[in-house]
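The chain contents come next:
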Amino acid sequence: LYSDWKKYDKALTIFRKSTRLAYQYSPNDADLIGRSLNNLGLSLVHNSYFSSGLDTLKLALPHLRENKYETYTTYINMAMAYDMLNKEDSCFASIQKAEKILSENKKFPAGRLYLYKGTLFVKKGLYKEAIPILEQYVNLQSDPSKIYSTDIYGAYNNLSKAYELGLKDYKQALLYRN
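Now for a look at the structure at hand. (Residues numbered from 1 in each chain as written. Predicted model: local features only at pLDDT ≥ 70, side-chain atom pairs only at ≥ 80, totals over all residues. Heavy atoms only, no water.)

**Quick notes on the overall build of the protein chain**
Argument step 1. On a plain count of helices and strands, the protein chain comes out with 9 helices and 0 strands.
Argument step 2. Helices (α) and strands (β) of the protein chain occur, in sequence order from the N terminus, as α-α-α-α-α-α-α-α-α.
Argument step 3. Radius of gyration (C-alpha) of the protein chain: 17 Å, near the 16 Å computed for a compact globule of 178 residues.
Argument step 4. Overall size of the protein chain, expressed as C-alpha extent along the three principal axes, is 60 × 30 × 30 Å.
Argument step 5. Burial status across the protein chain gives 46% buried among its 178 residues.
Argument step 6. Put simply, of all contacts in the protein chain between residues at least 6 apart along the chain, 50% involve residues at least 24 apart.
Argument step 7. Surface summary for the protein chain: the accessible area is close to 10,000 Å², and the carbon and sulfur share equals 52%.
Argument step 8. In the protein chain, the 25 positive side-chain charges and the 18 negative ones have mean positions that sit 3 Å from each other. (Helix = DSSP H or I, 4+ residues; strand = E, 2+ residues; numbered from the N terminus. Rg over C-alpha atoms; globule rule 2.2 N^0.38 Å. Buried < 20%, exposed > 50% of the residue type's maximum accessible area, 1.4 Å probe, protein only. Contact = heavy atoms within 4.5 Å. Areas by Shrake-Rupley, 256 points an atom, 1.4 Å probe, with all protein chains shown as cover. Lys, Arg positive; Asp, Glu negative; His and termini not counted. Charge placed at Lys NZ, Arg CZ, Asp CG, Glu CD.)

Listed below in structure tokens is the structure:
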């Protein structure tokens, strides 16, 4: 809950402790350790420890071989860390790995991937590429089972920016402006 409340420092403390406990009391439970490392890695990224977060996320992957969903979220988290470290090629490679897993597992929530990928494209000035991805995210809002994030306002603002700067479609840009 601390992560949901954006109290990342408190979440980091809890995830560090849970990871230590997972190693201590369940050293043979690879899935538990992998999930703990994934949560810890994301928490480190949220606390601006980008390199440490990325290293921790990389440690999670071998433990998650049997858990496709956690592997999927780990790749999204890795993309975020690579983005913060300005490693664009690695960021997009992680996004592609997450997309591949999503294409094989249609029931996984796609919202977080679409929101992050579309936002990344806007950030990189790839406005035309961002529009269909962000519109996919907006369209998922009508299906609550496929939503990971409720950051619809950020998606609308990015869509507005993409229409304005990419397609020079000011009418569409105004529709998404909040």
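Alright, that's what it looks like, and here's the rest.
**Here we look at the nonpolar core**
Argument step 1. Counting 43 residues, the largest nonpolar core has Tyr72 and Ile95 as the members making the most contacts within it.
Argument step 2. Those residues within four positions of Tyr72 in sequence are excluded, and the remaining contacts are Ala98, Ile101, Leu102, Phe108, Pro109, Ala110 and Leu113. (Core = buried A, V, L, I, M, F, W, Y, C linked by side-chain atoms within 4.5 Å.)

**Side note on helix 7 (residues 127–140)**
Argument step 1. Its 14 residues place the ends of helix 7 20 Å apart at the C-alpha level, agreeing with the 20 Å of an ideal helix rising 1.5 Å per residue.
Argument step 2. Every buried residue belonging to helix 7 is among Tyr127, Ala130, Ile131, Ile133, Leu134, Tyr137, Val138 and Leu140, and all of these are buried. (Expected span 1.5 Å × (residues − 1).)

**Points about helix 2 (residues 30–46)**
Argument step 1. Its 17 residues give helix 2 an end-to-end C-alpha distance of 24 Å, which sits within 8% of 24 Å, the value for a rise of 1.5 Å per residue.
Argument step 2. Burial in helix 2 covers these residues: Ile33, Gly34, Ser36, Leu37, Asn38, Leu40, Gly41, Leu42, Ser43, Leu44 and Val45.
Argument step 3. Lining the buried residues of helix 2 we find helix 1 (8–25), helix 3 (50–63), helix 4 (68–84) and helix 6 (111–123).

**Some words on the side chain of Asn67**
Argument step 1. One can find Asn67 in the loop between helix 3 and helix 4.
Argument step 2. In this structure Asn67 comes out as buried when scored by relative accessible area, which is 17%.
Argument step 3. Of the polar contacts made by the side chain of Asn67, one reaches the backbone nitrogen of Glu70; its length is 3.0 Å.
Argument step 4. Beyond its immediate stretch of four places on either side in the chain, Asn67 contacts Asp31 and Arg35. (Polar contact = N/O pair within 3.5 Å; in protein donor to acceptor, adjacent residues only side chain to side chain.)

**Remarks on the packing of helix 7 against helix 8 (residues 152–167)**
Argument step 1. Here helix 7 crosses helix 8 at 150°, and the two axes come no closer than 9 Å. Comparing the axis directions of helix 7 and helix 8 gives the class roughly antiparallel. Relative to helix 8, the crossing made by helix 7 is left-handed. Between helix 7 and helix 8, the contacting residues are Tyr127, Lys128, Ala130, Ile131, Leu134, Glu135, Tyr137 and Val138 on the first element and Ile152, Ala155, Tyr156, Asn158, Leu159, Lys161, Ala162, Tyr163, Leu165, Gly166 and Leu167 on the second.
Argument step 2. Split by residue class, the contact of helix 7 with helix 8 holds 14 nonpolar, 2 polar and 3 charged. (Axes fitted to C-alpha atoms, helices over the stretch in contact; angles between N-to-C directions. Parallel < 35°, antiparallel > 145°, perpendicular 65-115°, else oblique. Left-handed = near helix turned anticlockwise from the far one by under 90°. Nonpolar A, V, L, I, M, F, W, Y, C, P; charged D, E, K, R; others polar.)

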